[in-house]
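# Summary of structural features
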Amino acid sequence: MANGDSRALVNLDLIRWHLIASATFMMVSMLGGLAYAFQFNQLYPFPSIEWLSPGRVRMVHTNMAAYGFIANAFIAGLLFAIPRLTKKPIFSDQLGWMIFGAWQLTMVLTVIGQLAGYGQAIEWGETPSFVDPLVLVGLVLLVINMSVPIFRTEEPGLYVSLWYFLAAFGWTGLVYFMGNFLPEYWVPGTAGAAITGLFIHDLVGLFVTPIGWGLMYFFVPLLLRKPIWSHALSLIGFWGLAFFYPMQGVHHFLLSPIPMYAQYGAIVATIAVEIVVLTVIVNFFGTLHGRSEAIRGNLALRWFYTGMILYALTCLQCAFQVTLTFQKIIHFTDWVVAHAHMVMFGVFGFWIYGFFIEVWPRVVGRPWVSPRLLTLHYWMTMSALALMIVDLTAGGLVQGFLWRGLNHWGDSVIASMPFWWVRTLSGLIIISAQGLFIYALWATARQPSTEMTEAPVGASPATAGVGV
Amino acid sequence: MERFGASFLVAAAVTFLLGFFLQGVMPVITLSTLATKTVEEVADPITPHFSQLASDYPEEFQRYFGEVSVASHAKALRIGRDAYIAEACFHCHSQFVRPVSNEDLRFGPVSKPEEYQNHMNLPHLFGTRRVGPDLIREAGVHSNDWHAAHLYAPRNVAPYSVMPSYPWFFDENKKPNEKGLALIAYLQWLGSWVDENGTITAPGSGGM
């Protein structure tokens, strides 16, 4: 209980519903992605149905991944971590429920709008124009609800997680406004492309990334029961990210008509941020040092560290693929699609699964029904995603070199077919694994109640007995 | 304590604005020397393929667009662009030619900023993926009939194609409807400002 406040410190109901919404939109997103993948095998399941046209479904796939799956789970994460770090509850539970309702309404309107043909031509911001103001209001309310406990805390200092959360609160509204309004209404053409590039990048870099890392700084030391290895590296990682991440937008449109100084600036900043990212990775593996057997027994930690390895790979890849040399071949190809899946699903999706595994038993007050099922879910998801990444990266190289070789366009499509089949296969495995996961969530919540709600974080009744 | 917390919000605003200035505002300033044109301005001159549409599909053209004029061309460009966005064509077709990888040999002259400085590019449609080819030099590459057949069932003209078919761009007689005609007009406009020597003049600024 918070001092003088009759409310519970953490609103577990609100967290539970955000997690349910997250899992629901994850399935919507993935079913969309799978259907879209079948289009590339010339086997689209709903041909010639206007509302299920593959182009429209693609927008649903990416938007539900970012705003339905990841954002909902991150809101749940903030609701879980912030009151614990500040010893203060969120500003208002009613406001929390209002944000929950508004956010799900936005998601439903986004899906309907996009399928009805009102998608917006802003990559990662295809939310229809009439939804954008609602999202912005929701974000501002969310920031108020979550910032108040941080400003009210009587703790002696702000923990690293809270730096990331506060920065994300400052960034997210600005980023969303910039990306969804400037190129749509005021800045046409090439300069608009520069701003869209900034939006694509900042959405991942200034919204998803800081909240994700904030949650890692919260959960990993708790689960390992030891402090973060180096405070200095935490500082370097945070301020490096804050400084370099926002100035890389144009790297999404390299070799385009955007002025070259902006392109070179973006390239340099992108390579610089790779060094920053390494400090964060080193810090977390320094923390793990001496306790690496925990990865074997604790599935949440295993998801977290798998995500971190993929994060390190993604960023290392970034530092190379951002150069104009790599861009000649890989831009416009499936290489980039592999890269996007590696970061959005392989890093943040995986962290969310770890978060689910740690938190779901707490919010439903029951232990996981089958740790073995969760282990199977891990191996299926992880290996299928690895397959997809390798497959699309290789396919991208084939496409890039065939294009440069001035082969007929059809040759590049035909050569891509086997890669697109493997992509569909990996998608099928990923979807099946998520079906198992949803079943595990449902079956766990349906069990007879046991006494475990008050277990401290890190005690891990959730995953005790999980095998390799 | 409160001031310490606020410093992270301030830092977020400052770093965001620094990045926004370097990567967003600077390109806007650099490109502000270019005149921004309206859709009506870039609809003049009328492309030969738009006039051709009026004789290819006289009944439908008359019904949806009336006479061939700059105003009806502008209307078609707007509707065509909106259809292009609604179907997310920009997710599989880019709209700029890069100066590398023989793209100038495959598609045509390398893109210049002035080509995009108009309200047809509000928002811009650069794209980041090429499942199908780039379209910024599409004007005149294919006939109107080819486009109609291709939009109706892409694999009828390109058996390897993975493009979806768009029967809702056609009426019950399988003739292109308002959106279909507009989309063809839009595709035939893309790059119509490049002359036969490959010289680029910003759209709407001169004769054909």
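Residues numbered from 1 in each chain as written. Chains lettered and ligands numbered in written order. Predicted model: local features only at pLDDT ≥ 70, side-chain atom pairs only at ≥ 80, totals over all residues.

### Quick notes on the overall build of chain B
Selection rule: Per the convention used, a helix needs a DSSP run of H or I reaching at least four residues, while a strand needs a run of E reaching at least two, with both numbered from the N terminus. Any residue whose C-beta has 12 or fewer other C-beta atoms within 10 Å is treated as exposed, any with 20 or more as buried, and any in between as partly exposed, C-beta atoms being built from the backbone. Think of it this way: build a C-beta for each residue from its backbone, and any pair within 7 Å is a contact.
Along chain B, the regular secondary structure elements total nine helices and zero strands. Walking chain B from its N terminus toward its C terminus, one meets helices and strands in the order α-α-α-α-α-α-α-α-α. When each of the 208 residues of chain B is scored for burial, the buried share is 48%. Across chain B, the fraction of contacts at a sequence separation of at least 24, relative to all contacts at a separation of at least 6, is 75%.

### Examining the overall build of chain A
Let me state the cut-off plainly: Note that the radius of gyration is over C-alpha atoms, with the globule rule given as 2.2 Å times the number of residues to the power 0.38.
Across its full length, chain A carries 14 helices and zero strands. Its helices and strands taken in sequence order, chain A reads α-α-α-α-α-α-α-α-α-α-α-α-α-α from the N to the C terminus. The C-alpha atoms of chain A give 22 Å as radius of gyration, which agrees with the globular expectation for 468 residues (23 Å, within 12%). Based on the C-alpha atoms only, the size of chain A along its principal axes is roughly 70 × 45 × 45 Å. For chain A, with 468 residues in total, the buried portion stands at 57%. The contacts of chain A with a sequence gap of at least 6 include a subset with a gap of at least 24, amounting to 83%.

### A short note on the interface of chain A and chain B
Interfaces are often sized by the amount of accessible area the parts lose when they come together. Put simply, the rule is: Just so you know the grouping, Ala, Val, Leu, Ile, Met, Phe, Trp, Tyr, Cys and Pro go in nonpolar, Asp, Glu, Lys and Arg go in charged, and all remaining residues, Gly too, go in polar.
Contact with chain A, which involves 71 residues of that partner, is made by 63 residues of chain B. No other element matches helix 5 (residues 160–186) of chain A, which puts ten residues into the side of chain A that touches chain B. Taken together, the residues that form the side of chain A that touches chain B break down as 46 nonpolar, 18 polar and seven charged.

### As for the domain arrangement of chain B
Here is the rule we go by: Boundaries between domains were set according to an automatic or database domain assignment.
When the domains of chain B are assigned, the result is domain 1 (1–33) and domain 2 (38–189). Computed over C-alpha atoms, the centres of domain 1 of chain B and domain 2 of chain B are 38 Å apart.

### Observations concerning the domain arrangement of chain A
Residues and elements named next belong to chain A. When its domains are assigned, chain A resolves into domain 1 (1–154), domain 2 (158–290) and domain 3 (301–468). Computed over C-alpha atoms, the centres of domain 1 and domain 3 are 19 Å apart. Facing the 19 residues of domain 1 at the interface are 21 residues of domain 3. Residue assignment for the side of domain 1 that touches domain 3 shows that the elements contributing at least two residues are helix 1 (12–39) and helix 2 (54–86). The greatest single-element share of the side of domain 1 that touches domain 3, amounting to twelve residues, is contributed by helix 1. A breakdown of the residues in the side of domain 1 that touches domain 3 according to their chemical character gives 15 nonpolar, three polar and one charged.

### A few points about helix 12 (residues 334–364) of chain A
Residue and element names in this part refer to chain A. Here is the rule we go by: To get the bend at a residue, fit one axis to the 7 residues ending there and another to the 7 starting there, then take the angle between the axes.
Its maximal kink placed at Glu358, helix 12 deviates by approximately 35°, while the proline Pro361 follows within four residues. Where burial is concerned, most of helix 12 is hidden: 29 out of the 31 residues are buried. Where helix 12 terminates, the next one or two residues include Gly365, which has phi positive at roughly 70°.

### Some details on the packing of helix 3 (residues 48–56) of chain B against helix 9 (residues 178–189) of chain B
All names here are of chain B. Selection criterion: What counts as an axis is a line fitted to C-alpha atoms, over the stretch in contact for a helix, and the angles between N-to-C directions run from 0 to 180 degrees. Under this scheme an angle from 65 to 115 degrees is roughly perpendicular, one under 35 degrees roughly parallel, and one over 145 degrees roughly antiparallel; angles in between are oblique. Left-handed describes a crossing whose near helix is turned anticlockwise from the far helix through less than a right angle; right-handed describes the clockwise counterpart.
Between helix 3 and helix 9, the least distance of the axes is 8 Å, while the angle of their chain directions is 155°. With respect to helix 9, the element helix 3 is oriented roughly antiparallel. As for how helix 3 packs across helix 9, the hand of that crossing is right-handed. Between helix 3, through His49, Phe50 and Leu53, and helix 9, the contact on the second element is made entirely by Leu181, Ile184, Ala185 and Gln188.

### Some points on the environment of Lys226 of chain A
All names here are of chain A. Note that Lys226 resides in the loop between helix 6 (189–224) and helix 7 (231–244). Taking the number of C-beta atoms within 10 Å as the measure of exposure, Lys226 has 15 and is therefore partly exposed. When the C-alpha positions of Lys226 and Met107 are compared, they lie 39 Å apart, and in sequence the two are 119 residues distant. Apart from residues lying up to four places away in sequence, Lys226 is in contact with Pro221, Thr287 and Arg291.

### Some details on helix 2 of chain A
Residues and elements named next belong to chain A. This is how the line gets drawn: A helix is expected to span 1.5 Å for every residue after the first.
Here helix 2 spans 46 Å end to end across 33 residues, near enough to the 48 Å set by a 1.5 Å rise per residue. At Met64, helix 2 shows its largest bend, some 45°. Across the 33 residues of helix 2, 32 count as buried, placing the element largely inside the fold. Lys87 sits one or two positions beyond helix 2 and adopts a positive phi of about 60°.

### Topic: the nonpolar core
Selection rule: Joining buried Ala, Val, Leu, Ile, Met, Phe, Trp, Tyr and Cys residues through C-beta atoms within 7 Å gives a set, and that set is a nonpolar core.
Ranked by internal contacts, the top residues of the largest apolar core, which has 199 residues, are Ile70, Tyr164, Phe165, Phe304 and Trp351 of chain A together with Ala185 of chain B. Sort the elements by how many residues they give to this core and helix 6 of chain A lands first, with 22 residues. If near-sequence neighbours (up to four positions away) are discounted, Tyr164 of chain A is found in contact with Pro210, Ile211, Trp213, Gly214, Tyr217 and Phe238 of chain A.

### Quick notes on the environment of Gly286 of chain A
All names here are of chain A. Summarising the element assignment, Gly286 is placed in helix 8 (residues 260–288). The class of Gly286 is partly exposed, set by 13 C-beta atoms lying within 10 Å. Sequence separation of Gly286 and Trp229 is 57 residues, and the distance between their C-alpha atoms is 5.5 Å.

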